[in-house]
Amino acid sequence: MPTLLGEKVVVRILDKANLKIRLGDLGFRSDTQAAFDRMLRQPYGLVLVTGPTGSGKTTTLYSALDLLRSPERNIVTVEDPVEYQLDMINQIQVHEAIGMTFARALRSILRQDPDVIMIGEIRDEPTARVAVQAALTGHLVLATLHTNDAPGAVARLIDMGIEPYLLSSALNGVVAQRLARTVCPSCATKYFPAENVLRDAGLSDMSSRPFRRGSGCKDCHNSGFRGRAGIYAVMEVTPDIRRLVHHAAPSHDLRDALRRQGILSLREEGVLLAQEGKSSLEEILAVTHSEDLINELAGEDVESA
């Protein structure tokens with residue numbers, strides 16, 4: 001990209017040699033991985049992975065495909081671009097210039113007798129509609145979506161024009177994720193976070209408990225971090241959640257229902273990572289949203305409306 005002082009370049013490195021696609025290697029806690037596994041073991045339905053750009057959504061979907069692939073199962077993907085080539089998977093690359101869009105590719109795929117369909121990203125209403133219809137007609141559909149958290153995926157699809165009664169029948173569940181930098185093992189040290197950091201993390205009663213962070217060294221280029229770990233929050237569609245989706249309940253109602261079921265939010269999942277010493281508390285707060293803030297903004301939107 002040309003800028004005032006010269007060219008600006010971003011390089012995205014896709015290193016297949018270091019690709020981890022075994023589900024157990026991604027960092028899921030045992031109960032969240034079990035919920036995700038149940039969603040994938042359904043014979044049909046829609047499974048969504050949400051998060052911002054660069055949060056590892058495609059890697060999570062590749063891990064799901066790795067779990068599902070076999071010579072007896074016809075798996076087809078539509079991606080933009082195809083980041084990694086996988087054995088026993090039929091991968092298609094979107095090419096907008098010749099009219100090979102997600103929606104058009106999906107309509108052709110449905111005539112190829114697929115068992116599992118992976119959609120690189122649901123960007124518009126035509127793609128969302130074909131994905132939901134495929135999930136309702138006996139296919140397992142995996143896709144990514146850009147939303148802040150798992151409940152937000154429901155509102156996003158409804159905003160795209162998907163009828164709530166169709167979505168409630170099609171949806172198996174949603175995985176929301178972030179990537180947090182992990183503490184450099186060469187310079188890890190104990191520290192006590194500031195009071196406001198503990199308060200934002202919901203740990204005000206842990207002021208005497210030490211946490212871990214990196215002090216900076218040559219191994220981590222003085223950043224204090226080396227590597228990244230996934231933070232995952234899973235919304236499995238239970239009968240109660242399905243009922244709320246059917247009635248187009250707002251996202252904060254879905255969050256309340258998940259809280260009553262004991263399901264942790266993204267921030268709460270991340271705080272557990274910090275308590276285990278894998279990342280710093282400040283890093284977790286930086287990469288996760290506070291549900292309190294999201295609810296406050298939702299309340300302001302309702303009042304202004």
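Please read these numbers as outputs of a predicted model, since none were measured by experiment.

Asks: So what about the sheet that holds strand β6 (residues 116-119)? Which residues, and what values?
Replies: Reading across from one edge, β5-β4-β6-β7-β3-β8-β11 is the order of the seven strands in this open sheet, with mixed pairing throughout. Edge positions in the open sheet fall to β5 (90-93) and β11 (225-236), since each of these has one partner strand only. Looking at each pair of strands side by side, their axes are set apart by 15° on average, direction ignored. Against the sheet, helix α3 (residues 102-109) makes contact with β4 (75-79), β5 and β6, and its axis sits at roughly 165° relative to β4, the strand it touches most.

Asks: Help me get a handle on helix α1 (residues 30-40), residues and values and all.
Replies: One full turn of an α-helix is made of 3.6 residues, so residues set three or four places apart face in the same direction. Every buried residue belonging to α1 is among T32, A35, F36, M39 and L40, and all of these are buried. Each buried residue of α1 lies within a common arc of 140° when the element is viewed along its axis, so the set occupies one face. Residues of α1 that are buried make contact with β3 (45-50), α2 (57-68), β7 (140-145), β8 (171-183), β11 and α10 (266-275).

Asks: Any chance you could break down the pattern of salt bridges for me, citing the residues and the numbers?
Replies: Tallying each qualifying case throughout the model produces 18 salt bridges. E83 is the partner of R12 in a salt bridge, and the nearest nitrogen-oxygen pair spans 3.4 Å. Of the two residues, R12 is situated in the loop between β2 (6-7) and α1 and E83 in the loop between β4 and β5; the sequence distance between them amounts to 71 residues. R12 gets classed as exposed once you look at its relative accessible area, which sits at 60%. Given the relative accessible area of 17%, E83 is considered buried. Salt-bridge contacts for D149 lead to R255; the nearest nitrogen and oxygen are separated by 2.6 Å. Of the two residues, D149 is situated in the loop between β7 and α5 (150-159) and R255 in helix α9 (residues 251-260); the sequence distance between them amounts to 106 residues. An identical accessibility class is assigned to D149 and R255; each is buried.

Parameters at a glance
Residues numbered from 1 in each chain as written. Predicted model: local features only at pLDDT ≥ 70, side-chain atom pairs only at ≥ 80, totals over all residues. Heavy atoms only, no water. Pairing = 2+ DSSP bridges. Helix = DSSP H or I, 4+ residues; strand = E, 2+ residues; numbered from the N terminus. Axes fitted to C-alpha atoms, helices over the stretch in contact; angles between N-to-C directions. Contact = heavy atoms within 4.5 Å. Buried < 20%, exposed > 50% of the residue type's maximum accessible area, 1.4 Å probe, protein only. Arc of directions from axis to C-beta. Salt bridge = Lys/Arg side-chain N within 4 Å of Asp/Glu carboxyl O.

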